[in-house]
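# Fold and geometry: a report
The primary structure of each chain is shown beneath.
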Amino acid sequence: MMDAKELVLLVISSALVSNVVLSQFLGLCPFLGVSKKVETAAGMGGAVIFVITLASAVTGVIYKFVLEKFNITYLQTIVFILVIAALVQFVEMFLKKFMVGLYDALGVYLPLITTNCAVLGVALNNVKYDYDILTGVINGFATALGFAIAIVILAGIREKIEDNDIPEVFKGMPIVLVTAGLMAIAFCGFSGLL
Amino acid sequence: MSGIITATVVVAAVGVFIGIFLGIAAIKFRVEVDPKEEAVLGLLPGNNCGGCGFAGCSGLAAAIAKGEAAVNACPVGGDSVGQKIAEVMGVEATETEKQVAFVKCQGDCDKAKVDYDYTGIEDCGMLSFVPNGGPKKCNYGCLGFGNCVKSCPFNAIHIVNGVAVVDKEACKACGKCVEACPKNLIELVPYKSTSFVACSSKDKGPVVMKACEVGCIGCSLCKKNCPEDAIVIEDFLAKIDYKKCTGCGICKEKCPKKAIL
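## Remarks on the confidence of the model for chain A
Mean pLDDT for chain A: 86, with 96% of residues reaching 70 or above. Within chain A, helix α5 (residues 100-106) of chain A has the poorest average pLDDT of any element, 72, and helix α8 (residues 133-161) of chain A the best, 92.

## Concerning the side chain of S35 of chain A
Residue and element names in this part refer to chain A. By the secondary structure assignment, S35 is in the loop between α2 (28-33) and α3 (38-67). In this structure S35 comes out as buried when scored by relative accessible area, which is 0%. A polar atom in the side chain of S35 sits 3.4 Å from the backbone oxygen of L32. In this structure the side chain of S35 is engaged in a polar contact, spanning 2.8 Å, whose partner is the side chain of R158. The residues contacting S35, other than those within four sequence positions of it, are P30, A41, I151, L154, A155 and R158.

## Observations concerning the nonpolar core
Counting residues in each nonpolar core, the largest one holds 59 residues, and the members touching the most others are L22, F31, M44 and F147 of chain A. In contact with F147 of chain A, other than residues within four places in its own chain, are V20, V21, G27, P30, F31, M44 and V48 of chain A. Counting residues in each nonpolar core, the second largest holds 39 residues, with V100, C105, C142 and V166 of chain B among its members.

## Structural notes on the interface of chain B and chain A
Interfaces are frequently sized by the accessible area removed from exposure as the parts join. Across the boundary between the two partners, chain B contributes 19 residues, which contact 18 residues of chain A. Interface area for chain B against chain A, summed over the two sides, is near 1600 Å², with a carbon-plus-sulfur share of 83%. When the buried surface of chain B facing chain A is broken down by residue, V10, L22 and F29 of chain B rank first, second and third, together holding 32% of it. At the surface where chain B touches chain A, the tally comes to 0 salt bridges. Summed over the shared surface of chain B and chain A, the result is 0 residue pairs in polar contact (both at pLDDT 80 or more). Within the side of chain B that touches chain A, the residues separate by chemical class into 12 nonpolar, 3 polar and 4 charged.

## Let's talk about the pairing of strand β5 (residues 231-234) of chain B
Residue and element names in this part refer to chain B. Two elements, β5 and strand β6 (residues 237-240), share 4 bridges in a ladder whose sense is antiparallel. Paired with I233 across the bridge in β6 is A238. What sits between the antiparallel neighbours β5 and β6 is a turn of 2 residues, in which D235 has the positive phi angle 50°.

## As for a negative patch on the surface
On the surface, E39, E159, E162 and D163 of chain A cluster together into a patch of negative charge. With respect to the helices and strands, the residue E159 of chain A is situated in helix α8.

What counts, and at which threshold
Residues numbered from 1 in each chain as written. Chains lettered and ligands numbered in written order. Predicted model: local features only at pLDDT ≥ 70, side-chain atom pairs only at ≥ 80, totals over all residues. Heavy atoms only, no water. pLDDT = per-residue confidence, 0-100. Helix = DSSP H or I, 4+ residues; strand = E, 2+ residues; numbered from the N terminus. Buried < 20%, exposed > 50% of the residue type's maximum accessible area, 1.4 Å probe, protein only. Polar contact = N/O pair within 3.5 Å; in protein donor to acceptor, adjacent residues only side chain to side chain. Contact = heavy atoms within 4.5 Å. Core = buried A, V, L, I, M, F, W, Y, C linked by side-chain atoms within 4.5 Å. Buried area = accessible area lost by both parts, 1.4 Å probe. Salt bridge = Lys/Arg side-chain N within 4 Å of Asp/Glu carboxyl O. Nonpolar A, V, L, I, M, F, W, Y, C, P; charged D, E, K, R; others polar. Pairing = 2+ DSSP bridges. Patch = residues over 30% accessible without salt bridge, like charges linked within 9 Å, V, L, I, M, F, W, Y side chains within 5 Å. Areas by Shrake-Rupley, 256 points an atom, 1.4 Å probe, with all protein chains shown as cover. Lys, Arg positive; Asp, Glu negative; His and termini not counted. Charge placed at Lys NZ, Arg CZ, Asp CG, Glu CD.

Here's what the structure looks like:
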């Protein structure tokens with residue numbers, strides 16, 4: 001367990017400095033796919049925060065009490081995929097039954113996250129950097145927060161550029177990718193923070 | 001060797017555990033869905049256009065299953081879908097009249113005169129911020145930047161020579177374009193009707209004369225000649241009552257500006 005100062009630094013570094021989308025290039029698919037409107041982007045961001053935080057906890061437990069115990073940590077990728085997919089399914093069922101409001105709000109985004117590599121990436125990073133379970137969960141939350149920040153900003157920019165007179169060849173995805181690239185450069189500025 | 005066996009057993013065990021866990025969870029957390037609702041949802045078009053006023057097709061399906069919405073509440077599916085849903089629900093469908101969207105302007109680039117060239121953002125909504133509400137002399141006409149085109153889920157409305165034109169066959173009367181048009185030019189009209197006033201200008205005759213070749217000047221020739229009394233003039237603009245109109249076409253002939261289509 002780290003002390004409070006280190007935890008704050010961890011949150012800042014995961015959310016901003018090594019932003020999951022803009023510097024690690026994980027979770028690009030929903031980043032580009034669900035960023036047309038700020039509203040839906042915020043919904044996706046919320047769902048990702050929810051799932052990654054949960055997934056970090058569950059994969060942390062699985063890693064410590066199953067994989068390490070049987071000495072098969074090299075199987076982490078395969079087991080994590082299994083666990084995350086099942087977890088998302090379960091969360092969907094649970095929400096549908098007990099929290100209909102949240103289920104309706106997250107809606108279609110939940111099943112989409114099953115195949116989001118950012119979730120798996122966080123779980124694997126937690127192992128790679130040797131975080132204990134609680135630190136892993138905080139890292140997961142911060143990483144997902146970074147994703148939410150990035151996708152909401154991109155959606156905001158996309159809503160603005162929609163009305164602009166964009167050259168024919170740049171219309172659609174190209175201008176979005178250029179925008180995302182410029183955002184990534186801007187986020188590089190955070191690297192001086194730590 | 002034993003390593004392979006341990007690995008296989010552990011991963012298999014995790015898989016089996018998850019399988020059983022999810023299986024139990026699926027039974028425990030089952031949400032009762034009305035079988036009628038699923039059947040109705042299967043019959044709806046599935047465009048999720050929201051033309052019915054509910055949040056997508058599933059919203060309407062739920063409302064129909066509960067009896068809160070009419071079986072033919074889907075404007076897209078029309079009577080054919082209404083009939084099928086009526087069978088599922090075991091009630092008689094009431095006939096609804098098929099409607100289509102109609103753009104009440106035909107002032108295209110050749111017929112409508114412009115005050116100035118506009119080269120700004122191509123969005124109808126933006127034009128409320130420019131002088132005279134757009135480059136056209138007529139303040140009521142179609143701006144031609146296609147907010148309606150963008151809003152149409154069925155690709156049924158297009159900008160042709162600077163003015164929006166509805167493809168009558170592709171239009172499902174969902175009403176999206178009606179809301180999208182900042183000039184309120186689009187109206188849902190009966191599919192069967194044949195006479196429409198294709199102008200929305202409330203300006204007086206001489207002003208319309210200067211601005212557009214095909215604008216309604218409110219001369220009331222159509223009103224005087226209509227055998228069914230189906231036309232009224234309001235704000236220097238002819239209006240046809242589609243319930244009274246028999247489609248005789250006399251108004252089209254009499255209109256000096258050819259503003260009735």
